[in-house]
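Chain by chain, the residues:
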Amino acid sequence: MFYEPRLRNHGLSHDPLKALVAPRPIGWISSMGADGSINLAPYSFFNMVSDRPPIVMFSSDGKKDSLRNVEETGEFVCNIVTRDFTHAMNASSANYPRGVNEFEKANLAMEPSRLVKPPRVQGIVAALECRMTDIRPLSGLEGLASPYTMVLGEVMGVHVDENILKNGRVDAPNLALLARLGYMDYASVESVFSLERPVLT
Ligand SMILES: Cc1cc2nc3c(=O)[nH]c(=O)nc-3n(C[C@H](O)[C@H](O)[C@H](O)COP(=O)(O)O)c2cc1C
């Protein structure tokens, strides 16, 4: 089949596009408002888009609290979600009013960050302390309106639990990183293989 997302002519009950651009990592974003209020919410329109310098992005469907906080204070932390945090991550995605601390709602403790004000999730295996570099409202061709705004930030500090390292490398199968698929589906990364890049001679 072939369809054009603009025309929504896929003939299915759900557009399969998000199930095809998958798995997507989940950035569990902690942020702080100008008033000092703390926020935590998951974003699967999230990824690392440069490694020199390291830049990550998340994209907000409308002006959600995380976006507002980054606009106000310019900082955020990406907590990296593993399978054991699945339910807490999901609990923190409820649509609480601005000012409600989702750490408390999801029974999570806050661990202070080193370089930025928003705290990280205590017990998380990895967290990226970021400073915002750019906030870009998105649009399609011919100015087709999008409700999304992309937040980009440079990773200033990285927390890694050394227990997840094996021979100095991140031991992915033991980590069970959580990822978003389409619909209400998730995956955890458990099967991993290595592949060398081709060398032209
Ligand atoms: C796994 C997962 C991924 C999500 N990804 C996004 C996303 O990429 N963009 C978005 O706007 N909302 C996303 N959401 C919904 C937000 O987490 C939810 O709207 C939340 O209440 C936003 O919180 P905030 O207003 O405190 O930022 C996601 C929810 C879940 C459970």
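Refer to the structure above for everything that follows.
A short tour of the structure in this document, coming up. (Residues numbered from 1 in each chain as written. Predicted model: local features only at pLDDT ≥ 70, side-chain atom pairs only at ≥ 80, totals over all residues. Heavy atoms only, no water.)

1. Re the pairing of strand β10 (residues 145–160)
Then, number 1: Across 7 bridges, strand β5 (residues 54–61) lies against β10 in antiparallel orientation. Note on β10: the bridge partner recorded for Met-57 is Leu-152.
Then, number 2: In this sheet, β10 lies alongside strand β9 (residues 126–139) in antiparallel orientation, the contact comprising 12 bridges. Bridged to Cys-130 within β10 is Val-155.
Then, number 3: From the end of β9 to the start of β10, which pair antiparallel, there are 5 residues, and Glu-142 there has a positive phi angle of about 50 degrees. (Pairing = 2+ DSSP bridges. Helix = DSSP H or I, 4+ residues; strand = E, 2+ residues; numbered from the N terminus.)

2. Remarks on helix α2 (residues 65–73)
Then, number 1: All of the buried residues along α2 are Asp-65, Ser-66, Leu-67, Asn-69 and Val-70.
Then, number 2: Looking at the buried residues of α2, the elements they touch are β2 (27–32), β3 (38–43), β5, β6 (75–80), β9 and β10.
Then, number 3: In the stretch just after α2, Gly-74 is the one whose phi turns positive, near 75 degrees. (Buried < 20%, exposed > 50% of the residue type's maximum accessible area, 1.4 Å probe, protein only. Contact = heavy atoms within 4.5 Å.)

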